[in-house]
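Understanding the architecture of this molecule
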Amino acid sequence: MEDVSNQDQAIELLQQLGLKEYEAKSFVALARRQRGTAKDISETSKVPRTRVYDAIRVLESKGLVETQHSNPQIFRAVSIDEAVNTLQSEYAERTESLRSALSGLEPTDKGDSTEATHEVWSISGDQGITSRTQQLIEGSTEELILVVGHESVFTDQLAEQLQAAQERDVNVIIGTVDEDLQATIQDALPSVEVFVSGLDWLSRSPLPDDDTEISRLLLADREAILVSSFTETRADGREHEQGIFGRGFDNGLVAITRRLMATGLLSVNDPEAEEA
């Protein structure tokens, strides 16, 4: 059963990376068999034999399959590492082409294109929220205050982004929900100020029937705010994550937010205390 599950997952992922169904099935069949004829591939993959040749030609053009011109022809898949690297390179090229194409689009709105002074947007899903977090961190120039409400938020990728921000002289301050998470983050970022937040409502609400937990609070350069929450957890992270992103707030709201996020931080390191 596990082999079938892995096979189905591999086929689905290959399709997500741009292969058509028969191409994905044919490649997985070859990866399992090491090598084989069109008949062998058809028997293993359940792809009609007449369609195997079309699939193999595409896979060969992508550098995923090699052909031995015998009678009958014998095909073999390249190594797993080579296949992954090839698909990764092609995916990167496609995304860069997409970036160029989207950047070249002319706006339909010919009116005032000035960015709004205040804006608030909702974001749904871990991937989109993580992407916006990265954008804010990489775009920061002065200060980042991040309160991590769930351990799965703090990934190796996030640690690298925060480290890079500090190395370009951004003041990075991180709050956590407990001492265990504080120790984990401090070990990963030894030169960053990490404290246990006094915001108990991050992980539990005082209101009845409210099972919402806060994933992260991020304030970048005192003007952009990202807040995300979730209602369920799974073994490897969060489910049903929702976020709110805002930019261009008045100083009053930013001051309150900064003070709130710094709850639990020693006054000597409190960003508000430094301004006093």
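The structure this text deals with has already been given above.
One structure accompanies this document, and this report is about it. Bear in mind that the values here come from a model prediction, so they are computed numbers and not experimental data.

1. Observations regarding the nonpolar core
In terms of nonpolar packing, the biggest core is built from 26 residues, with Leu144, Leu162, Val172, Ile174, Ile185 and Leu189 touching the most fellow members. Counting residues per element, this core draws most heavily on helix H7 (residues 156–167), at four residues. Ignoring sequence-local partners within four residues, the contact set of Leu189 consists of Phe154, Ala159, Leu162, Gln163 and Ile174. By size, the runner-up hydrophobic cluster in this structure holds 21 residues, among which are Ala38, Val52, Val78 and Leu87.

2. As for helix H2 (residues 21–33)
Here H2 spans 18 Å end to end across 13 residues, near enough to the 18 Å set by a 1.5 Å rise per residue. Among all positions in H2, only Glu23, Ala24, Ser26, Phe27, Val28, Ala29 and Leu30 are buried. At the exit of H2 stands Gln34, carrying a positive phi of roughly 75°.

3. A short note on the sheet that holds strand E2 (residues 65–68)
If you trace the three strands from one edge of the open sheet to the other, you get E1-E3-E2, paired in antiparallel fashion. Each of the sheet's edge strands pairs with one partner strand only, and the pair in question is strand E1 (35–36) and E2. Looking at chain direction, E1 and strand E3 (residues 74–77) are connected through two bridges and run antiparallel. Bridged to Gly36 within E3 is Phe75. Relative to E2, helix H4 (residues 49–61) is tilted by about 115°, and along the sheet it contacts E2 and E3.

4. Re the packing of H2 against H4
The interhelical angle for the contact between H2 and H4, taken along N-to-C directions, is 85°, at an axis separation of 9 Å. Classified by the angle their axes make, H2 and H4 are roughly perpendicular. Where H2 abuts H4, its residues Tyr22, Glu23, Ser26, Phe27 and Leu30 lie against Arg51, Ala55, Ile56, Val58 and Leu59. The residue inventory of the contact of H2 with H4, partitioned by class, reads seven nonpolar, one polar and two charged.

5. Considering the packing of aromatic side chains
Considering all chains together, one arrives at zero aromatic pairs under this definition. The ring centre of Phe245 lies 4.5 Å from the NZ or CZ of Arg132, which sits over that ring.

6. Some details on the pattern of salt bridges
This model, assessed by the stated rule, comprises ten salt bridges. The salt bridge partner of Lys25 is Glu21, with a shortest N-O separation of 2.8 Å. Of this pair, Lys25 and Glu21 are both found in helix H2, four residues apart, which corresponds to roughly one turn of the helix. Where Arg33 meets Asp40, a salt bridge forms, and the shortest distance between an N and an O atom there is 3.7 Å.

7. A short note on the sheet that holds strand E5 (residues 143–148)
Within the open sheet, the seven strands sit side by side as E4-E12-E9-E8-E5-E6-E7. Their pairing is mixed. Edge positions in the sheet fall to strand E4 (119–124) and strand E7 (193–196), since each has one partner strand and no second. The average angle at which neighbouring strand axes cross in this sheet is 15°, direction not considered. For strand E9 (residues 224–230) and strand E12 (residues 242–247), the ladder comprises six bridges, and the chain directions are antiparallel. Its bridge partner being in E12, Val227 is matched across the sheet by Ile244. In the packing of helix H6 (residues 126–139) onto the sheet, the strands contacted are E4, E5, strand E8 (213–220), E9 and E12, and the crossing angle to E8 comes to about 25°.

Calculation notes
- Note that residues are indexed from 1 along each chain, following the sequence as it is written.
- Local features in this predicted model are restricted to residues of pLDDT 70 or higher, and side-chain atom pairs are both shown and tallied only at a pLDDT of 80 or more, whereas totals for entire chains, interfaces and linings draw on every residue.
- Calculation of side-chain values draws on the structure's entire complement of heavy atoms; hydrogens and water are dropped beforehand.
- We define the nonpolar core as a collection of buried residues of types Ala, Val, Leu, Ile, Met, Phe, Trp, Tyr and Cys that are connected through side-chain atoms lying within 4.5 Å of one another.
- Exposed residues in this analysis have more than 50% of their type's maximum accessible area, buried residues have under 20%, and partly exposed residues fall in between, with area computed by a 1.4 Å probe over protein chains only.
- In this description a helix means any DSSP run of H or I spanning at least four residues, a strand means any run of E spanning at least two, and both kinds are numbered starting from the N terminus.
- Contacts were defined at the residue level, with two residues in contact if any of their heavy atoms lie within 4.5 Å.
- Expected span of a helix, by definition, is 1.5 Å for each gap between consecutive residues, and there is one gap fewer than residues.
- Pairing between strands is defined by DSSP: at least two bridges between the two strands are required.
- Lines fitted to C-alpha atoms define the axes here, with helix axes fitted over just the stretch in contact, and angles between the N-to-C directions of these axes take values from 0 to 180 degrees.
- Under this scheme an angle from 65 to 115 degrees is roughly perpendicular, one under 35 degrees roughly parallel, and one over 145 degrees roughly antiparallel; angles in between are oblique.
- Each residue gets one of three labels, nonpolar for Ala, Val, Leu, Ile, Met, Phe, Trp, Tyr, Cys and Pro, charged for Asp, Glu, Lys and Arg, and polar for the others, Gly among them.
- The rule is short: rings of Phe, Tyr and Trp, with Trp giving its six-membered ring, pair when the centres are within 6.5 Å, and they are stacked under 30 degrees, edge-to-face over 60, tilted in between.
- Any Lys NZ or Arg CZ that is within 6 Å of a ring centre and within 35 degrees of that ring's normal is treated as a charge sitting over the ring.
- Whenever a carboxyl oxygen of Asp or Glu lies within 4 Å of a side-chain nitrogen of Lys or Arg, that contact is scored as a salt bridge.

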